[in-house]
Amino acid sequence: MSSALANPNFEIALLGGGQLGKMFLAEALRMDVGVRALDPDAEAPCRWGVRRFAVGDFTDYATVMEFARGAQAAVIEIETVNVDALADLEAEGVRCFPPAAALRTIQNKGAQKDFWAANGLPTSHYERFDAASGLREAVDSGRWTLPLVWKLAQGGYDGFGVSVIRHRSELDGLPEQPCVAETLVDIAEEIGVIVARHPDGSTAVFPPVAMEFHPVANQVEFVVCPAPLPAEALAEAEQLARRAATELGILGLLAVEFFYTRDGRWLINEVAPRPHNSGHLSIEGCETSQFEQLLRCATGLPLGSTALRQPTVMANVVGAEGFRGPVAYEGLDEALSVPGCHLHLYGKTQTRPFRKLGHWTAVGSSVNEARSRAAAARDALKAQSTPQS
Ligand code: ADP
């Protein structure tokens, strides 16, 4: 399969053309591997640099089939792609990263939970319901007590579709759709571990990262590596992540989000079978980035080392409050003068408050130094908008 390199006939079909796709594409361009991309937005970040950019709906069976047919491999950057199409593409010989069967399990939070339970992988106590009415009955009968965490089984994104329910009345406003109830976990740390799994069966696990939340906004503010936990605990998380990827039969990447509880247990919260925000720091921080590992899987090249080169911290560049419209960056000179910092902009043309427009990766001799650098660069750069006339 090494013929994938510098081969005009080898092409990867990329489903989704956002920032994750763009960072994958950057690696493909560096190693001269051809990529075609599909996204519903004609202005998507992947519109440049691909051999072919198709505007279309990656949730639609016929669109995905027509787009990806004839490619040697398909990779996704978003879980909502049409999984029946992936299955039929596999039957036609297109190798899919992830395989359709794994994606089908992951697409549904209830099916994911069942999978962990069936395979002896630790996760919080849970129950699946066909609709919120069933959960209300379970609470009214005393089978479930509050607080609990409600999650929409399918179709949630970025915190939408997840709520902590503390009062009975909050159950009344929930949509009558399949959902999962979970016990509210007493979380000490939220830790991410990304696994790359190659078609030859080999795996490479990235060093665990810790998500640091903003105390007020309750959004992830920094992703830091190494994570501040004892080496034995981190080794256990790496083993669990590797097992999760292997049991699921993942090819390509699996990003595993863990809760580390106050009493020292690991619980799998959820997984994503694609490049993940928690792995962006691997571009500058690790010997081989998550994007290059995915490319190596898709082209049949051997996996690289995931070793951390030095302490690394990532901070998102988000749209400033009070601005909406064509994005204009202020403070670039000051931000770019901070040592050890690397700016990534995703190519989104429009800003709105808190929209993810890019990220900073900062390296340093310690996590504290890297975090201060990332904070200084982030604070200096403002994603605003030119006043509209
Ligand atoms: P999403 O798919 O929107 O990212 P998650 O399942 O990751 O949703 O949940 C979002 C956040 O909610 C988590 O990062 C965590 O902070 C919190 N959370 C989710 N499940 C639980 C739980 N069972 N106990 C405590 N907090 C939780």
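Going by the structure above, here's the rest.
Conventions adopted
- Residues numbered from 1 in each chain as written.
- Predicted model: local features only at pLDDT ≥ 70, side-chain atom pairs only at ≥ 80, totals over all residues.
- Heavy atoms only, no water.
- Helix = DSSP H or I, 4+ residues; strand = E, 2+ residues; numbered from the N terminus.
- Rg over C-alpha atoms; globule rule 2.2 N^0.38 Å.
- Buried < 20%, exposed > 50% of the residue type's maximum accessible area, 1.4 Å probe, protein only.
- Contact = heavy atoms within 4.5 Å.
- Areas by Shrake-Rupley, 256 points an atom, 1.4 Å probe, with all protein chains shown as cover.
- Lys, Arg positive; Asp, Glu negative; His and termini not counted.
- Charge placed at Lys NZ, Arg CZ, Asp CG, Glu CD.
- Phe/Tyr/Trp six-rings, centres within 6.5 Å; stacked < 30°, edge-to-face > 60°.
- Axes fitted to C-alpha atoms, helices over the stretch in contact; angles between N-to-C directions.
- Parallel < 35°, antiparallel > 145°, perpendicular 65-115°, else oblique.
- Left-handed = near helix turned anticlockwise from the far one by under 90°.
- Core = buried A, V, L, I, M, F, W, Y, C linked by side-chain atoms within 4.5 Å.
- Pairing = 2+ DSSP bridges.

Undergrad: Is there a simple way to explain the overall build of the chain in this structure?
TA: From N to C terminus, the chain includes eleven helices and 21 strands. A compact globule built from 389 residues should have a C-alpha radius of gyration of about 21 Å, and the chain, at 21 Å, falls within 12% of that. Going through the 389 residues of the chain one by one, you find that 53% of them count as buried. If you take every contact in the chain between residues at least 6 apart in sequence, the share linking residues at least 24 apart comes to 62%. Of the accessible surface of the chain, which amounts to about 16600 Å², a share of 50% is contributed by carbon and sulfur atoms. Across the chain, 34 positive and 47 negative side-chain charges occur, with their mean positions spaced 1 Å apart.

Undergrad: Looking at this structure, I do not really get the packing of aromatic side chains. What am I missing?
TA: Aromatic ring pairs are reported here in terms of the distance separating the ring centres and the angle at which the planes meet. Counted according to the given criterion, the structure contains three aromatic pairs. With 5.7 Å between their ring centres and 80 degrees between their planes, F115 and W116 make a pair best called edge-to-face. The residues F115 and W116 share a single accessibility class, namely buried. Seen from their ring centres, Y260 and W266 are 4.5 Å apart, and the 45 degrees between their planes marks the pair as tilted. Judged by relative accessible area, which is 14%, Y260 ranks as buried. Taken together through their ring pairs, the aromatic side chains of F258, Y260 and W266 make up a single cluster.

Undergrad: What is the right way to look at helix α2 (residues 61-68) in this model?
TA: Structural remark: α-helix, 3.6 residues per turn; residues separated by three or four positions point the same way. Along α2, the residues that are buried comprise V64, M65, F67 and A68. The inward-facing, buried residues of α2 abut β1 (11-15), β2 (34-39), β3 (52-55) and α3 (83-91). Among the residues trailing α2, G70 stands out with phi positive, at a value near 90 degrees.

Undergrad: Can you walk me through the packing of α3 against helix α4 (residues 100-107) in this structure?
TA: Axes are the key here: two packed helices are described by the angle between their axes and the distance separating the axes. Close contact between α3 and α4 brings their axes to 9 Å; oriented N to C, the two are set at 165 degrees. Between α3 and α4, the interaxial angle falls into the category roughly antiparallel. When you trace α3 past α4, the crossing you get is left-handed. Residues V83, D84, L86, A87 and E90 of α3 touch α4, and the partners they reach there are A100, L103, R104 and Q107.

Undergrad: For this particular structure, what's the right way to read the nonpolar core?
TA: Of all hydrophobic cores here, the largest spans 47 residues; its most connected members are L254, F258 and W266. The element best represented in this core is helix α7 (residues 231-248), accounting for eight residues. If you look at the next biggest cluster of nonpolar residues, it comprises 34 residues, including L25, I194, A298 and L303.

Undergrad: What am I meant to see in the environment of P40 here?
TA: With respect to the helices, strands and loops of the structure, P40 is situated in the loop between β2 and β3. Residue classification places P40 among the partly exposed residues on the basis of a relative accessible area of 49%. Along the sequence, P40 and V55 sit 15 residues apart, while their C-alpha atoms lie 5.0 Å from each other. Excluding residues within four positions of it along the chain, P40 makes contact with V55, G56 and F58.

Undergrad: Is there a simple way to explain the sheet that holds strand β19 (residues 350-351) in this structure?
TA: The strands making up a sheet associate through hydrogen bonds between their backbones, and the pairing can be parallel or antiparallel. The strand order β19-β17-β21 describes an open sheet built from three strands, whose pairing is antiparallel. Edge positions in the sheet fall to β19 and β21 (382-385), since each has one partner strand and no second. One ladder, built from two bridges, connects strand β17 (residues 325-330) with β19; its direction is antiparallel. Looking at β19, one finds that G325 is bridged to T351.

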